[in-house]
Amino acid sequence: MAAGGTGGGNKTYSFKVVLLGEGCVGKTSLVLRYCENKFNDKHITTLQASFLTKKLNIGGKRVNLAIWDTAGQERFHALGPIYYRDSNGAILVYDITDEDSFQKVKNWVKELRKMLGNEICLCIVGNKVDLEKERHVSVQEAEGYAESVGAKHYHTSAKLNKGIEELFLDLCKRMIETAQADERAKGNGSSQSGTARRGVQIVDDEPQSAATAGGGCCSSG
Amino acid sequence: MAAAVPDGGVKVLQHAMKLANVAIQLVTNNRHKTLSLQRQMMENLIIARARQEALQRKMEKRRLRLQEEANRSFSSSTSLTPEEQEQRLLYGSILEYEQDHDWPKQWKANLKKNPNDLSVVSGLISCIFSCPEHPIMKLLKRLQYRIYNKLYPIVSKVTAPESPSTATCRGRNMKSSQSIHCMQSVQENNKTNSTKLRHSLSVTSLSITEDYNANTCAKEQTQTGQSTKEPKLVVSMGEQDSSFEDLEQFLSQFECPSASLPDLSKPAVDVDPLIHKLEEGVLQAHLRSIVKDIHKSIDRLLSLYILAFEPLNMAASKDQCLASIEEAFFPPIWPLLLALFRKVYGHRELAFEKSMRLYRNAKPGDVGVASKLCPSESASGSCPYESAVQELRLISKDCCPQKKLECIVRTLRLICECAEEYRTSHEPATLHSSAAIGADDLLPILSYVALKSDLPQLVSECAALEEFIHEGYLIGEEGYCLTSMQSAVTYVESLHKRGALK
């Protein structure tokens, strides 16, 4: 069969990132901050904050991020797996003033590791650091836990717009590394079309080839 | 006198003989003429035949030459699979077709000139699909027919005309057995959902009381099954084009899927649980193999296209090509395909239906929609999120997965629009985007919209879409919308088990 034609060095990585977290931890504000920060309101897609896309350029590598928000309510928990399958990264958000929301994060970590193994990059995010005084989850506990499960820990404030840019940038870098390691392991398996279904898609460097029909919300150009 | 008489007689005789001669001459002449004519004709025939043979030899030579050319394109592969072999043959016939027809060449040139113009790609493909003689079109029909041939016996087993007695038996049994199957679906959910509900006890106790009913019904079913047999396929396994008309004829029965198909899903459910389980396993295996066949067929068509029209081998045009192929491929087989999905997912559709009935008069708040995203009471008239509900109902109208997917995307967009509208009507001043709708808000609303859609087949439609959504769309907006719809549908299915309205 004809090769995919990924001759050029310019690759575009498409990553899927799921956003997990209990109802009131502020995950929606977090992504909105991230996507609206550089750009104005108009860039919010027609699906508003539930599904966002962002294009990045990290060290010459193009990255298309698709950020999937999930419902935090208990009654939708059972439906989690169909949201996070094929994800390259997960952002697990808890509220530092709410011990319970941190426990929920732990549950998700277990589930994600069980279902997706170590290929998924996990970020555990303590949000609302503007409410430091009311903190109920200790920094050591959270960071210790993150390290023990191979995740990275971040502190953010959607309100003050703190730590969010770093969070996403870091995550993207890690996902690129994972994808590259994956490619190497597969022996540059360009002819394996079957791999496309899992996560990373490497697309020709064409302007609109990877864009979704709705149009990305943000563009770095 | 005597001489005179004979003289006169001779004259007459001579005259008569002359006439006779003329007549004979005429006759022989005619014979000569017809003979020569025949001879000429024979000669002509021989010449014509010789010419024809020469032409055939030439054609054959050309075919061989083209075939060789085709073979060269595959030269890299050492051992050929039967599929590659077929591909090779098909490519040969495409080359042959192109020698006789000019238009493919023009398209080729056009493609080369405008490699980034996707309208050229779709134009080319629709042009080919409107030309029944083109080898790709022939392949398409053959592949469609193969799928149809596999689907028909499975689906028709249930479509077989039923006697009134079975019909009533079914109707009666449906109601009582529903409870069993809903329980069953609870069990199945348990496995995946890891909720700790245990209904096995009630299932067994119920199934004993229902066994009699189910058995008699099953018997009757097998009887009718035998008497009608599987309606013999009118069309032979040979893949002639003409037989395809039968397919169209047959499919016209299914023209209106929402009207005729609901019956199909039900009979699978009214046998006793064990048989039902077995049957379900078999159906699922069928479904898997057919889905696989469809994927293979589409892949074959796509690679043949790319082989025939090289410039198509680019990510964007490939996608466009794929979309066009699917648009042609799915409509004739979709009704049957959906019927099979509905048989497999019948128990889930029943659960959905049950919730739908239970929540017929529910308001958005009853399924957990935040009050700020509900229309204010005063602004009533139409039902909340009416436009999204209407849009979602259109999903059964299309027969192509891609179109259905677009319908779901539009539904979600409309939900966001409506929600935005309702919210600003509550608090007109704040338009701050931090209050934008996230999944926490979206899913309850979507569940409400699904509930109001009156479309139990949504379960099966979504399951089918999941099989046929393009990989490229999987992580994009389309994928997100489909996933959300599936979640909402699953949630709705579980609603009736949650007891009282929240």
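Above this text sits the structure in question.
Figured I'd write up the structure that's included with this text. Every value quoted in this text rests on a predicted model; they were computed, and no experiment measured them. (Residues numbered from 1 in each chain as written. Chains lettered and ligands numbered in written order. Predicted model: local features only at pLDDT ≥ 70, side-chain atom pairs only at ≥ 80, totals over all residues. Heavy atoms only, no water.)

A word on the overall build of chain A
Helix and strand counts for chain A come out as 5 helices and 7 strands. Taken from N to C terminus, the helices and strands of chain A fall in the order β-α-β-β-α-β-α-β-α-β-α-β. Evaluated residue by residue, chain A yields a buried proportion of 50% over its 221 residues. Restricting the contact set of chain A to residue pairs at least 6 apart, pairs at least 24 apart contribute 76%. Entry remark: accessible area of chain A is about 9,900 Å², with carbon and sulfur atoms responsible for 49%. (Helix = DSSP H or I, 4+ residues; strand = E, 2+ residues; numbered from the N terminus. Buried < 20%, exposed > 50% of the residue type's maximum accessible area, 1.4 Å probe, protein only. Contact = heavy atoms within 4.5 Å. Areas by Shrake-Rupley, 256 points an atom, 1.4 Å probe, with all protein chains shown as cover.)

Examining the overall build of chain B
Within chain B, the secondary structure is distributed over 18 helices and 0 strands. A buried classification covers 45% of the 502 residues belonging to chain B. Sequence separation of at least 24 residues holds for 80% of the intrachain contacts in chain B that already meet a minimum separation of 6. When the accessible area of chain B is evaluated, it comes to approximately 25,500 Å², of which 57% is carbon and sulfur surface.

Points about the environment of arginine 62 of chain A
Residue and element names in this part refer to chain A. Residue placement: arginine 62 occurs in strand β3 (residues 61-69). Look at arginine 62 and you get partly exposed, because its relative accessible area is 40%. A C-alpha to C-alpha distance of 4.8 Å links arginine 62 and threonine 12, two positions 50 residues apart in sequence.

A short note on the nonpolar core
Counting residues in each nonpolar core, the largest one holds 136 residues, and the members touching the most others are Ile124 of chain A together with Ile136, Ile294, Tyr305 and Tyr385 of chain B. In terms of residue count, helix α12 (residues 315-344) of chain B provides more of this core than any other element does, 14 residues in total. Those residues in contact with tyrosine 385 of chain B that lie beyond four places of it in its chain are Leu373, Ile415, Cys418, Ala419, Tyr422, Ile445, Tyr448 and Val449 of chain B. (Core = buried A, V, L, I, M, F, W, Y, C linked by side-chain atoms within 4.5 Å.)

Let's talk about helix α3 (residues 103-113) of chain B
Residues and elements named next belong to chain B. Those residues of α3 that fall on the buried side of the exposure criterion are Trp103, Pro104 and Leu111. Seen end-on, α3 carries its buried residues on one side only, within an arc spanning 100°. Opposite the buried face of α3, by more than 90 degrees, sit the exposed residues Gln106, Lys112 and Lys113. (Arc of directions from axis to C-beta.)

A look at the pattern of salt bridges
Counted under the stated rule, the structure contains 25 salt bridges over all chains. A salt bridge links lysine 106 of chain A to glutamate 141 of chain A, with the shortest nitrogen-to-oxygen separation between them at 3.7 Å. Of this pair, lysine 106 of chain A sits in helix α3 (residues 99-116) while glutamate 141 of chain A sits in helix α4 (residues 139-148), placing them 35 residues apart in sequence. Judged by its relative accessible area of 32%, glutamate 141 of chain A is partly exposed. Across the salt bridge formed by glutamate 461 of chain B and lysine 404 of chain B, the nearest N and O atoms sit 2.8 Å from each other. Residue glutamate 461 of chain B is found in helix α17 (residues 458-468), and its partner lysine 404 of chain B is found in helix α15 (residues 401-426); the two are separated by 57 residues along the sequence. Judged by relative accessible area, which is 1%, glutamate 461 of chain B ranks as buried. Using a relative accessible area of 0% as the deciding quantity, one classes lysine 404 of chain B as buried. (Salt bridge = Lys/Arg side-chain N within 4 Å of Asp/Glu carboxyl O.)

Some words on the packing of helix α13 (residues 346-358) of chain B against α17 of chain B
All names here are of chain B. Their axes nearest at 8 Å, the elements α13 and α17 cross at an angle of 135°. Comparing the axis directions of α13 and α17 gives the class oblique. Of the residues in α17, those touching α13 at Arg348, Glu349 and Phe352 are Leu458, Val459 and Ser460. Among the residues forming the contact of α13 with α17, the class breakdown is 3 nonpolar, 1 polar and 2 charged. (Axes fitted to C-alpha atoms, helices over the stretch in contact; angles between N-to-C directions. Parallel < 35°, antiparallel > 145°, perpendicular 65-115°, else oblique. Nonpolar A, V, L, I, M, F, W, Y, C, P; charged D, E, K, R; others polar.)

A closer look at the packing of aromatic side chains
This model, assessed by the stated rule, comprises 21 aromatic pairs over all chains. Each ring, one from tyrosine 97 of chain B and one from tryptophan 103 of chain B, has its centre 6.0 Å from the other, and the planes form 75°; the classification is edge-to-face. The two residues tyrosine 97 of chain B and tryptophan 103 of chain B agree in class, both being buried. Relative to tyrosine 148 of chain B, the ring of tyrosine 145 of chain B has its centre 5.6 Å away and its plane inclined at 40°; by these criteria the two rings are tilted. Residue tyrosine 145 of chain B and its partner tyrosine 148 of chain B are located together in helix α5 (residues 135-159), separated by 3 residues, close to a single helical turn. Relative accessible area serves as the criterion here: at 3%, tyrosine 145 of chain B is assigned to the buried category. Connected via pairs of aromatic rings, a cluster forms that spans Phe51, Trp68 and Tyr83 of chain A together with Tyr480 of chain B. It is lysine 16 of chain A that lies over the ring of tryptophan 68 of chain A; its NZ or CZ is 3.7 Å from the centre. Lysine 108 of chain B extends its terminal NZ or CZ atom over the ring of phenylalanine 309 of chain B, reaching a point 5.9 Å from the ring centre. (Phe/Tyr/Trp six-rings, centres within 6.5 Å; stacked < 30°, edge-to-face > 60°. Lys NZ or Arg CZ within 6 Å of the ring centre and 35° of its normal.)

By themselves, these observations are geometric and do not establish any function.
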